[in-house]
Amino acid sequence: MIHQRSPLDNAFSLEDTARIKKSEGDIRTALECYNEALQIRKAFLDANDPTIADVLIGMSQVYVLDKQLDMAVLMVKQASSIIDGLRIPGEYHKLAEMFHSIGNIYTSSKKYDLATDAYKKQLSLQKRTKGANVTILTSAMAKMAEIHESKGDYERATQLYK
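Keep in mind the model is a prediction, meaning the values are calculated, not measured. (Residues numbered from 1 in each chain as written. Predicted model: local features only at pLDDT ≥ 70, side-chain atom pairs only at ≥ 80, totals over all residues. Heavy atoms only, no water.)

Visitor: Where do I start with unusual backbone geometry in this structure?
Guide: Trans peptide bonds make up the majority, and among non-glycine residues the majority have a negative phi. For Lys67, which is not glycine, the phi dihedral falls at a positive 60 degrees. Relative to the helices and strands, Lys67 is located in the loop between α3 (50–65) and α4 (69–86). The exposure class assigned to Lys67 is exposed, which follows from its relative accessible area of 60%. Even without a glycine there, the phi angle at Lys110 is positive, about 60 degrees. Within the secondary structure layout, Lys110 lies in the loop between α5 (89–108) and α6 (112–127). (Helix = DSSP H or I, 4+ residues; strand = E, 2+ residues; numbered from the N terminus. Buried < 20%, exposed > 50% of the residue type's maximum accessible area, 1.4 Å probe, protein only.)

This is the structure:
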């Protein structure tokens, strides 16, 4: 007897393939797999299911690698709205790390206002987690201080360095 796989099993397999393709640097295929998995999950699950947030976070990571920051931010915001609604503390850490990565890319692109916004979102999310990663918090504060320093706002930079 042949066992039929459920659509959600297929979505899980697609997510695994997307993670592998992401690690291989095959951005296009990774995004295709994540997108198909997302469509399946949205068709068969409640719109606020936490696994949908996981797919969105995975997609945002691929968009960051591809430097499509607007899409990465969009995915993180969608995942954030699901996680906020469900109050899943462990998921805030994943979102915080994504905003940190987005902030770093905006900084390297000299888009300082957007970088500062990303770091602020990261700090806000980190504060919601128990046992927040002090290294990441300190790094975000230092990055924001560097941005203020580069803009000539030495007073604000000094406050953040403290």
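There is more to say after this.
Visitor: Mind showing me how you'd approach the packing of helix α1 (residues 7–24) against helix α2 (residues 27–44) here?
Guide: The description of two packed helices rests on the angle between their axes and on the distance between the axes. As a packed pair, α1 and α2 sit with axes 8 Å apart at the nearest point and diverge in direction by 155 degrees. By the angle between their axes, α1 is roughly antiparallel relative to α2. As α1 runs across α2, the sense of the crossing is left-handed. Contact with α1, carried on its side by Pro7, Leu8, Asn10, Ala11, Phe12, Leu14, Glu15, Thr17, Ala18, Arg19, Lys21 and Lys22, involves Thr29, Ala30, Cys33, Tyr34, Glu36, Ala37, Ile40, Arg41 and Phe44 of α2 and no other residues of that element. Residues of the contact of α1 with α2, tallied by class, amount to 12 nonpolar, 3 polar and 6 charged. (Axes fitted to C-alpha atoms, helices over the stretch in contact; angles between N-to-C directions. Parallel < 35°, antiparallel > 145°, perpendicular 65-115°, else oblique. Left-handed = near helix turned anticlockwise from the far one by under 90°. Contact = heavy atoms within 4.5 Å. Nonpolar A, V, L, I, M, F, W, Y, C, P; charged D, E, K, R; others polar.)

Visitor: Is there a simple way to think about α3 in this case?
Guide: Structurally, the α-helix is built with 3.6 residues per turn, so residues lying three or four positions apart point the same way. Compared with an ideal rise of 1.5 Å per residue, which puts 16 residues at 22 Å, α3 spans 23 Å between its outermost C-alpha atoms and is within 8% of the ideal. For α3, every residue scored as buried is listed here: Ile52, Ala53, Val55, Leu56, Ile57, Gly58, Met59, Ser60, Val62, Tyr63 and Val64. Backbone geometry just downstream of α3 places Lys67 in the positive-phi region, at approximately 60 degrees. (Expected span 1.5 Å × (residues − 1).)

Visitor: Which parts of the structure should I look at to understand the environment of Ala11?
Guide: Of note, Ala11 is situated in helix α1. The exposure class assigned to Ala11 is buried, which follows from its relative accessible area of 0%. In this structure the C-alpha to C-alpha distance between Ala11 and Ala37, which are 26 residues apart in sequence, comes to 4.3 Å. Discounting residues that sit within four places of it in the chain, Ala11 has contacts with Ala37, Ile40 and Arg41.

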